[in-house]
Each structure stands twice: as C-alpha cells, then as structure tokens.
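# Fold and contact review
Each chain, letter by letter, is given below.
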Amino acid sequence: SSIVVRGARMAVVLGISSGPHDSAACLIRDGKLLRAAAEERFTRKKMDGRFPEASIAFCLESEGLTVDDVSVVAHGWRFGAASADVRRIAQRVAEERGLGVAKHLLYTAERFEEVDRNVEQRIYDGLARLGIPRARLRMYDHHLCHAAAALYFCPYPGATDPPAPGAQERACCVTLDGRGDFSAGKVVVVAATPAVALGGSSKAARQAPQPTEAPPEQLRTLDSTTMFDSVGFLWAFVTAALGFKPFRHEGKLTGLAARGDAKKTLPIFDSVMGLVQDEGADTQWQIRTKWHAEELSNFQLFLVGLEGSHQEQVTIQDFKLFKDLASHSKEDVAAGLQHFTERLMIDYMERNGFSRPLVCLSGGVFANVRLNMRFRTELSNVDHVFVYPSMGDGGLCVGAAALATREFGQVVAAPQGIVFLGPEFEAGEVRAAVEALQMRNPRSIAISEEVLDTSAFARAVASHLAAGRIVGLFWGAMEFGPRSLGHRSLLAPATDPAITELLNGRLRRSDFMPFAPVTLRAKAGEAYMGWRAEDLEAGRHMTMCYEVTPEMRSLCPAVVHVDGTARPQVVDERDGLYFQVLEAYFEESGVHTLINTSFNLHEDPVRKL
C-alpha cells in the first residue's frame, strides 16, 4: 500500500532497531502503537542484535498484515551521518592536545564506522529477504529516537506541546548510552518550528516516501555529548574490569554500590572524566573525557576492541584505569562510579539550566534507578521525571516509528499502553502447552482448566502467596522492555528475607542484587518516602528508586536493599488480574506488597514458544 497524505490515513509504520545489540520491532498503524517486541524473546539469545526478522513477523502477523502492507520502515540509527562532525572534533582535539591524542579519536571513529557499515548492510539484506524495497526505509538519528520514544509516549500531559513564543518548553528529554550515531547523549526539547532534519541522510533514506506537511512540533537538540566522552562507555569498562559482562551487567554495579565506600575511588573517576567549561559553545558546561597520547591511558580503546573487528589484542588488565582500580574492592569501585555519575549528571543539568518541569529520560544508562532517583529528588524546578520503560536500544524502534508517524501528520497514541505489546496466547494454546508439559514430565501436576471468574482465581492465587508459596503469573501480552511487570512474573511474599536466598538459587542470580516490590497504589505512601499520588504514572514500570519508610522496612524486608531503597512497581485497577491478585493478598494477609521478579533464569530471556 502507499502513503496517502494530507490527513488521510497511512497504513503501517514498521519501526525497527538493529544495531550491535538489542534488536526489536514495533508496529504503528493509523498513529496507534499496537505491537512491540525484542528479538531476544524469540531467539532466546540475550540482547540479540541480529536483524529483527522474528519480531517483525510477530508484529505483522498479529495484526493480520504482510510486508506488502508496510508503508514505511523507520530505523533508529542513521549510520555515518555525523562522520564529518567526528573529524571536526578530532581536529579540535589535535589543536588543543596534539596529534598523538587526535589519532586515538580517529581510530575509534574508524573502527565504529566499520561496525556500523556492517550493521547497515545487515539491515538492507534483511529487508531484501522480506521483500521490502529499500526505498521504503527511513533512518533517524539514534538519540532523537531515544528522545522521541520518551516524549511522545510520556504519560504526563504537555510533553510534546510546542512552547508559546518567548516561553520555555514544559519538557526536556535527556538521553545517555554508550554510543549511537557518534553521540553518547543529548538534551532534547520540543520546538515550535522545525529545527533539525529528522530523516536520514543515507541514499535509502533520501529515496523513502517524503512527508508533505511538517508536524507543528519538532525536536531540537540543546546539547550533544560525543561518543568520545561517553558515560556509558565508562560504565561498560568498569563492568568488565570487575569481571562482569560489559553492555549487559552494568546493573550489578548499581547493586554493589550500596555496599561500598565511594570516597575511596571517587578521585580515580574524577581523573578520567568531568565537566569542562566551553565559553565558545552554546552549552557552557560539557561532559568531556580526558584523552591521552599514551594508548593504554584511554579506557575507551578497550571498548573499541569489543565491537571492532581489527582491534589489536589488548587485555583490559593493561589499561591504566584497570590498574588504578585493581587495588580496591568491587564494592568501593562500584560505589565510586555510582556517586561520580550521579554528581556529574546533576551538575551538568544544573549548571546549564537544562531542567524543565517535566524531565524524560531514555537510553541505556537510565536503567540505573538510583541515578533516576537523583534526577527526581535533586534537580531544581522539576515536577515529574519519567523514564521510558524500554530505555535501551530495543526502544529505538518505537521512537523511530513515532517520528515517521508525526512526519506524515498523524497523532501518535498508545491505546494498549507502552509495555504490554508482545505475544499473547488464546486459552486453547495455553491448554495445549499444559498438556504437553504433562506428557513430557508425567510426575508433574498439570491441571488445565479455563477460569472465567478472575476474582475467584485471584483469591486462589493470593491464598497460595499468603501460605508462603512462590507463584508464577502468566497472562495477557508479554512485556516490551527489560522488566517483568506482572504478565510474566514470579510472585513471592516479601515478609520473609530468607525467601530471597531461595529465589537467588533457583534463578541463578547474584545474591547482592535486590528483588523489586510490587505495591498497591493506595498504600504506596505508606511504603515509600516522598511518594506522591502523581508519581503513579512514572512508577508503573519499575524504573525509579525510592527510599523506603521504616514501616516498609519492617513489614517487607525481602524487597529492601541494604541502603534502605527499593525499586517499586505501583499498580492499580488498570493492571487487571495482577492488581486483583495483590488486592486479594492484602485482604487476606494485611500486606500491601509482594516480590515481583522475572520467570527467566539469569541470562536466559523469557521466550515466546
């Protein structure tokens, strides 16, 4: 089908994200976000970065569509569009610090360009296999896609309203990750007039269907942090230095940080990165890494080796930053990095005056719930902080699709919400799966019975929980994003801290990682310090940290971290069966909170069978 312009409907926008990792696809039809799923949920390969063929098939088939119905494929990466800017940065560094430093920047850019070219070709090949003409492809800036996902699907009103003449914007979005289109982060606002070209500059993007009328709003970048100054890369290096998997286990460091002394390692991090005042720039204070002529003094070059195909074999132990950290405990290293990042980002926002009444956050670094808490509690003049639930690169497909939809004059909406967009199953499919389980394991007790009275079912589940049992809750559509939010969850009582040892053993989790709570909205104020009723929209997706009340620490110790914080999901009637179970549990036990964790074993994604 073709795009019909000027108010008539556009059939389908297929959003895809396919970079070095975390591929996904989504579907927007007539402006409505209907489906979204990560490729790992079909392949069972954690953070699978291959072309999202299975995700695309799910999105189309679940809506009764074929590839012939796709009007535009929107991708959240432009591949090389900013290469000229990279060379200008290298030239500036050469003038300031000498050619010995600049050569490392150019080497980094060349290696990542090579990776990006391979990914770009993989996308072209994938589209060709599906029979989608390359001319339908539009590519969008990586970080603007992160921002678009958060701004267009923010639950608070006014996030994408252009400001009145002379007035400041109501909202901004801060993005932060390892890298994408040569940037590692941006601060983005909504402008009243077109300020940037959103479409890709590649040949395929230029051949794609073009918009005939601009939307009334446009995304404008206030500041951009280069990939040479990447906070996400610093976290990846330290994650690897502590023996974990970079770009995957950074959350473990946040868990460890609560057990360490930040003062012991903070000077080390201050020596490698900080804010630099640049009087010649629109943004006076910019995040900068301290590059050096000596190769092994630049921690970023280790990350180049992880992605690039021609990096010399240099082990992480050879780098100066590793040696500086090696004499300290993992806990103290993690604590120093966490404190450094919180202070860096709050100072960056405050000194530049970037804060707005509504602050949206997106990008992989904002999986860090303690950092998100600092944005909520320490920024000036901020009413609300919203973290896009699929904050990593998997969420780029939604941002790209939203930008394409807006370019063709359609209002973006999420009638089914922004999380429960994945595969779901009919009663017959569930019954067949239960019966197959019984056949494979005759000793198992598998009862297949369709329940029509959900209230009675919720009370039955709650009784098991009140008796101290662990219950798996499987219903509705799978979650899109890294958190299990009640549709594919293990639930357990939070009143006995000993249950965490059992769960950690069964799920092969690290024992220093806290379990997250799910709490009734009506009781959230009793559980979390500083909780406000209006926090609910930002608290539904387990993306924000709160200090717990003394009552909560006493009542539900199994979900309270050693620093007295928790990462809650707060639910109400909109959460259907999940809410009914928790409400019934509260009625039976008097406890308003349960443990909620994912079905899957550590490193083994929940998969659509």
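It should be noted that the structure appears before, not after, this text.
Let us look at the structure shown here. (Residues numbered from 1 in each chain as written. Predicted model: local features only at pLDDT ≥ 70, side-chain atom pairs only at ≥ 80, totals over all residues. Heavy atoms only, no water.)

Helix and strand counts for the chain come out as 20 helices and 19 strands. Residues counted as buried form 57% of the 609 residues belonging to the chain. In the structure as shown, the chain presents an accessible area of about 24,300 Å², 50% of it carried by carbon and sulfur atoms. (Helix = DSSP H or I, 4+ residues; strand = E, 2+ residues; numbered from the N terminus. Buried < 20%, exposed > 50% of the residue type's maximum accessible area, 1.4 Å probe, protein only. Areas by Shrake-Rupley, 256 points an atom, 1.4 Å probe, with all protein chains shown as cover.)

Turning to the packing of helix H16 (residues 454–466) against helix H20 (residues 576–589), a few remarks are in order. Contact pair H16 / H20: the axes reach a minimum separation of 8 Å and the direction vectors enclose 55 degrees. Taken as axis vectors, H16 and H20 run oblique relative to one another. In this structure, H16 crosses over H20, and the sense of that crossing is right-handed. Residues Thr454, Ser455, Phe457, Ala458, Arg459, Val461, Ala462, Ser463, Leu465 and Ala466 of H16 touch H20, and the partners they reach there are Leu577, Gln580, Val581, Ala584, Tyr585 and Glu588. The residue inventory of the contact of H16 with H20, partitioned by class, reads 10 nonpolar, four polar and two charged. (Axes fitted to C-alpha atoms, helices over the stretch in contact; angles between N-to-C directions. Parallel < 35°, antiparallel > 145°, perpendicular 65-115°, else oblique. Left-handed = near helix turned anticlockwise from the far one by under 90°. Contact = heavy atoms within 4.5 Å. Nonpolar A, V, L, I, M, F, W, Y, C, P; charged D, E, K, R; others polar.)

What follows is about the nonpolar core. The biggest cluster of nonpolar side chains holds 116 residues, and the ones touching the most others in it are Leu234, Phe237, Val238 and Phe375. It is helix H12 (residues 330–352) that provides the largest number of residues to this core, a total of 10 residues. When near neighbours in sequence (up to four residues on either side) are disregarded, Leu234 contacts Phe269, Val272, Met273, Phe299, Leu321, Leu337 and Phe340. Formed by 49 residues, the second largest nonpolar core is a distinct cluster that contains Ile28, Ala74, Val190 and Tyr388. (Core = buried A, V, L, I, M, F, W, Y, C linked by side-chain atoms within 4.5 Å.)

In this section: the pattern of salt bridges. Counted by the stated rule, this structure contains 28 salt bridges. When salt bridges that share partners are traced, they join Arg521, Glu537, Arg540, Asp572, Glu573, Arg574 and Asp575 into one network. (Salt bridge = Lys/Arg side-chain N within 4 Å of Asp/Glu carboxyl O.)

Attention now goes to the packing of aromatic side chains. Using the criterion set out here, one finds 15 aromatic pairs in the structure. Considering the side-chain rings of Trp77 and Phe79, the 5.8 Å spacing of their centres and the 15 degrees angle between planes classify their relative orientation as stacked. Accessibility classification places Trp77 together with Phe79 in one group, the buried group. Following the ring pairs from residue to residue traces out a cluster consisting of Phe237, Phe299, Phe302 and Phe319. (Phe/Tyr/Trp six-rings, centres within 6.5 Å; stacked < 30°, edge-to-face > 60°.)

Glancing now at the environment of Ala516. As for its position among the elements, Ala516 is in strand E15 (residues 516–520). For Ala516, a relative accessible area of 3% corresponds to the buried category. Expressed as a C-alpha distance, the spacing of Ala516 and Val560, which sit 44 residues apart in the sequence, is 8.1 Å. Discounting chain neighbours no more than four positions away, the residues touching Ala516 are Met542, Val559, Arg567, Leu594, Ile595 and Asn596.

Attention now moves to the pairing of strand E11 (residues 358–362). In terms of burial, E11 is largely enclosed, as five of its five residues are buried. Residues Leu358, Cys360 and Ser362 point to one face of E11 and Val359 and Leu361 to the other, with burial holding for every one of them. As judged from the five bridges shared by strand E6 (residues 171–180) and E11, these two strands associate in the parallel manner. By the bridge assignment for E11, Cys173 is matched with Cys360. The pairing of E11 with strand E12 (residues 384–387) spans four bridges and is classified as parallel. Among the inter-strand pairings, Val359 is bridged to a residue of E12, identified as Val385. After leaving E11, the chain enters helix H13 (residues 369–378) and then returns to the sheet as E12, a path that is right-handed. (Pairing = 2+ DSSP bridges. Right-handed = clockwise from strand over helix to strand, strands pointing away.)

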